[in-house]
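Below are the chains, spelled out letter by letter.
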Amino acid sequence: MRNIYTNLLVLLFIFTTSCTERIDLDLDSADPVIVIYGTVTDTLAYQSVAISSTVPYFEMEHNPTVSGAHVTITTSENEIWTLLENDNQKGTYQTETLRAGKPGETYHLKVEYDFNQDGTTELYEASSTMLSPIQLDSVQIGRMDHMGKNSFTVNLFAQEPVGEDFYFSKYYVNDTLATKLSKYGMMNDLFMDGEYLNGYLVYFFADMAEIDDYSDNSKKNRTFLSSGDELIVEFNRIEKSYYKFVKQAQDVKDGENPMFGGPPSNIQGNISNGAVGFFSTYSPARLTVVVP
């Protein structure tokens with residue numbers, strides 16, 4: 001089952017929501033589909049877009065990268081950013097200079113590429129509006145017993161804005177990203193809209209001191225912390241469409257319900273013209289804490 005996960009999770013290697021598109025994939029014999037995944041944040045960086053191609057489910061190969069595309073991002077202030085392909089990372093396109101997005105602005109992605117090699121350039125587009133970040137007051141690391149094993153908890157203190165909101169969190173341990181997309185913490189404010197998050201539990205980590213108590217398979221599905229580690233908590237307020245996209249991708253990897261049926265055959269993105277993937281924007285809120 002490895003390749004079904006490879007084909008779909010590559011989308012996330014990782015917003016105007018008025019027009020989202022449901023992509024139906026015949027994973028047994030589908031023709032290759034272009035995969036576009038891009039992100040703009042308000043962090044000064046080389047903003048990037050990754051482009052690749054799916055492969056049929058039963059073909060045992062990695063998703064091939066797509067080279068030679070023309071990629072631009074246009075801001076709501078009509079500033080055009082040209083993205084050039086990274087010589088050392090084919091299929092990855094980056095802004096020519098360091099760029100930072102701004103909350104409240106809308107960003108429009110345009111990818112031009114003759115994907116089916118018929119001599120006509122196809123156009124793939126998506127838009128996203130960057131939401132203002134949630135303001136974090138503090139983060140605390142606690143301990144709790146979970147099924148007989150010690151766990152570290154990440155507890156958040158912040159004022160949750162009024163109105164429907166969606167979030168994802170990711171974590172860096174000693175400056176190294178410790179939670180890839182399949183391990184992002186996903187959250188909505190259905191039960192705490194507009195309330196103060198007073199130590200709200202947002203994530204669990206296993207205790208590195210007990211790592212030998214886990215089977216090899218269990219180790220792969222857990223993230224471990226040790227006392228003294230420096231943990232960077234990144235909490236991101238995102239559009240509903242991106243929240244749904246990541247949740248669907250996580251369901252695909254984990255199998256929506258291990259007792260009934262297999263992974264879904266479609267996943268909802270926001271790239272036009274039959275492409276698979278997502279273009280997102282967000283403004284990360286970060287705090288650093290030392291694990292007690």
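Quick caveat, the model's predicted, so the values are computed rather than measured. (Residues numbered from 1 in each chain as written. Predicted model: local features only at pLDDT ≥ 70, side-chain atom pairs only at ≥ 80, totals over all residues. Heavy atoms only, no water.)

Draft legend 1. A look at the overall build of the chain. Check the secondary structure of the chain and you find three helices and 19 strands. Counting across all 292 residues of the chain, residues that qualify as buried make up 48%. Surface accessibility of the chain: about 14200 Å² in total, with carbon and sulfur atoms responsible for 49%. (Helix = DSSP H or I, 4+ residues; strand = E, 2+ residues; numbered from the N terminus. Buried < 20%, exposed > 50% of the residue type's maximum accessible area, 1.4 Å probe, protein only. Areas by Shrake-Rupley, 256 points an atom, 1.4 Å probe, with all protein chains shown as cover.)

Draft legend 2. Main features of the pattern of salt bridges. Counting across every chain of the model gives seven salt bridges. The partner of Lys-240 in a salt bridge is Glu-164, with the nearest N and O atoms 4.0 Å apart. Of this pair, Lys-240 sits in helix H3 (residues 240-254) while Glu-164 sits in the loop between strand S10 (149-159) and strand S11 (166-173), placing them 76 residues apart in sequence. Overall, Lys-240 belongs to the partly exposed group, its relative accessible area being 41%. For Glu-234, the salt bridge identified is with Arg-286, shortest N-O distance 2.9 Å. With Glu-234 in strand S16 (residues 230-238) and Arg-286 in strand S19 (residues 285-290), this residue pair connects regions lying 52 residues apart in the sequence. (Salt bridge = Lys/Arg side-chain N within 4 Å of Asp/Glu carboxyl O.)

Draft legend 3. Fine view of a nonpolar patch on the surface. Taken together, the side chains of Leu-44, Tyr-46 and Leu-98 present a nonpolar region at the surface, about 320 Å² in accessible area. Look at Leu-44 and you get exposed, because its relative accessible area is 57%. (Patch = residues over 30% accessible without salt bridge, like charges linked within 9 Å, V, L, I, M, F, W, Y side chains within 5 Å.)

Draft legend 4. Region of the structure containing the confidence of the model for the chain. A residue-level look at the chain finds 82% of positions with pLDDT of 70 or above and a mean pLDDT of 85. Here residues 1-29 is a poorly scored stretch, pLDDT under 50, and it has 96 contacts once near neighbours within four places are set aside; other chains count. Scored below 50 in pLDDT, residues 255-265 makes ten contacts in the model with residues more than four places away or belonging to other chains. (pLDDT = per-residue confidence, 0-100. Contact = heavy atoms within 4.5 Å.)

Draft legend 5. Structural detail: the sheet that holds strand S4 (residues 70-75). The mixed open sheet is built from eight strands, whose spatial order is S8-S7-S4-S5-S6-S3-S2-S18. Two strands bound the open sheet, and with one partner strand each, they are strand S8 (122-129) and strand S18 (276-282). Strand after strand, the sheet turns through a mean of 20° between neighbouring axes, direction not considered. Note that strand S3 (residues 48-53) and strand S6 (residues 89-95) share three bridges and pair antiparallel. Counterpart to Ser-48 in the pairing with S6 is Gln-94. (Pairing = 2+ DSSP bridges. Axes fitted to C-alpha atoms, helices over the stretch in contact; angles between N-to-C directions.)

Draft legend 6. Broad picture of the nonpolar core. In terms of nonpolar packing, the biggest core is built from 24 residues, with Val-154, Tyr-171, Val-202, Phe-205, Leu-231 and Phe-235 touching the most fellow members. Mapped onto this core, the elements with two or more residues apiece are strand S9 (136-146), S10, S11, strand S14 (196-207), S16 and S19. For Leu-231, the contacting residues outside a window of four places in its chain are Ile-141, Val-154, Tyr-171, Tyr-172, Val-173, Phe-205, Leu-225, Leu-287, Thr-288, Val-289 and Val-291. Among the nonpolar cores identified, the runner-up in size contains 22 residues, and Ile-36, Ala-69, Tyr-113 and Phe-279 belong to it. (Core = buried A, V, L, I, M, F, W, Y, C linked by side-chain atoms within 4.5 Å.)

Draft legend 7. Quick peek at the pairing of S6. Relative to S6, strand S5 (residues 80-86) runs antiparallel, the two being bridged by four bridges. When the bridges of S6 are listed, Glu-85 appears paired with Tyr-93. Between the antiparallel neighbours S5 and S6 lie two residues.

Draft legend 8. Summary view of the side chain of Gln-47. Relative to the helices and strands, Gln-47 is located in the loop between strand S2 (34-41) and S3. A relative accessible area of 3% means that Gln-47 is categorised as buried. Other than its neighbours up to four places away in sequence, Gln-47 contacts Thr-39, Val-40, Thr-41, Trp-81, Leu-83, Tyr-93, Gln-94, Thr-95, Arg-99 and Ala-100.

Draft legend 9. Up close: the environment of Glu-79. Tracing the sequence through the fold places Glu-79 in the loop between S4 and S5. Distance in space between the C-alpha atoms of Glu-79 and Tyr-107 is 9.7 Å, their sequence separation being 28 residues. Each residue touching Glu-79, except ones within four places of it in the same chain, is listed here: Ile-73, Thr-74 and Arg-99.

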